[in-house]
Amino acid sequence: MQRENEKTTETAVMTAMAQFLSDIWFEDEIRDQPEHLCEIFEAILVTEVGDYKDLRIKMINCIKTVSKLVEALEPFSDIEIKNAYEKMLVA
């Protein structure tokens, strides 16, 4: 990441985001991640480590973030998403 106030183009940022989303959407099964995170975190919460309030907050935030990504892309097919990524990457 660059420091604040350094010049960059919006296109470069959007291209980087498109590449990032493309990488995570198609390499991992991101749609299942919220459920997987919940499963992992539920297992951790029954341990002594899971008693740590800051860790619980971080876990909840992780689930929310991944859930928002899945929700944002859910209305679209994989082909529509792939085409949008490719279009942005060549823009």
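Just above, that's the structure.
All figures in this text were calculated on a predicted structure; none of them were measured in a lab.

A. Summary view of helix α2 (residues 33–45). The terminal C-alpha atoms of α2, which comprises 13 residues, lie 18 Å apart, in line with the 18 Å expected from a rise of 1.5 Å per residue. Here α2 has its buried residues at Pro34, Leu37 and Phe41. One side of α2 carries all its buried residues, which in axial view fall inside an arc of 60°. Exposed residues lying more than 90 degrees from the buried face of α2 are Glu35, Glu39 and Glu42. Next to the buried residues of α2 lie α3 (53–73).

B. Summary view of the nonpolar core. Core analysis: the largest hydrophobic core is formed by 14 residues, its most contacted members being Trp25, Ile30, Leu73 and Tyr85. Those elements that provide at least two residues to this core are α1 (10–27), α2, α3 and α4 (78–89). For this core, the element with the most residues is α3, which contributes six residues. In this structure, isoleucine 30 is in contact with Ile24, Trp25, Val66, Leu69 and Val70, ignoring residues within four places of it in sequence.

C. Broad picture of the packing of α2 against α3. Contact geometry for α2 and α3: axes closest at 9 Å, N-to-C directions at 170°. With respect to their mutual orientation, α2 and α3 come out roughly antiparallel. Contacts between α2 and α3 involve Gln33, Pro34, Leu37, Cys38, Phe41, Ile44 and Leu45 from the former and Leu55, Arg56, Met59, Cys62, Ile63, Val66, Ser67 and Val70 from the latter. Class assignment for the residues of the contact of α2 with α3 results in twelve nonpolar, two polar and one charged.

Quick notes on the rules
Residues numbered from 1 in each chain as written. Predicted model: local features only at pLDDT ≥ 70, side-chain atom pairs only at ≥ 80, totals over all residues. Heavy atoms only, no water. Helix = DSSP H or I, 4+ residues; strand = E, 2+ residues; numbered from the N terminus. Expected span 1.5 Å × (residues − 1). Buried < 20%, exposed > 50% of the residue type's maximum accessible area, 1.4 Å probe, protein only. Arc of directions from axis to C-beta. Contact = heavy atoms within 4.5 Å. Core = buried A, V, L, I, M, F, W, Y, C linked by side-chain atoms within 4.5 Å. Axes fitted to C-alpha atoms, helices over the stretch in contact; angles between N-to-C directions. Parallel < 35°, antiparallel > 145°, perpendicular 65-115°, else oblique. Nonpolar A, V, L, I, M, F, W, Y, C, P; charged D, E, K, R; others polar.

Function cannot be inferred from these measures alone, as they are strictly geometric.
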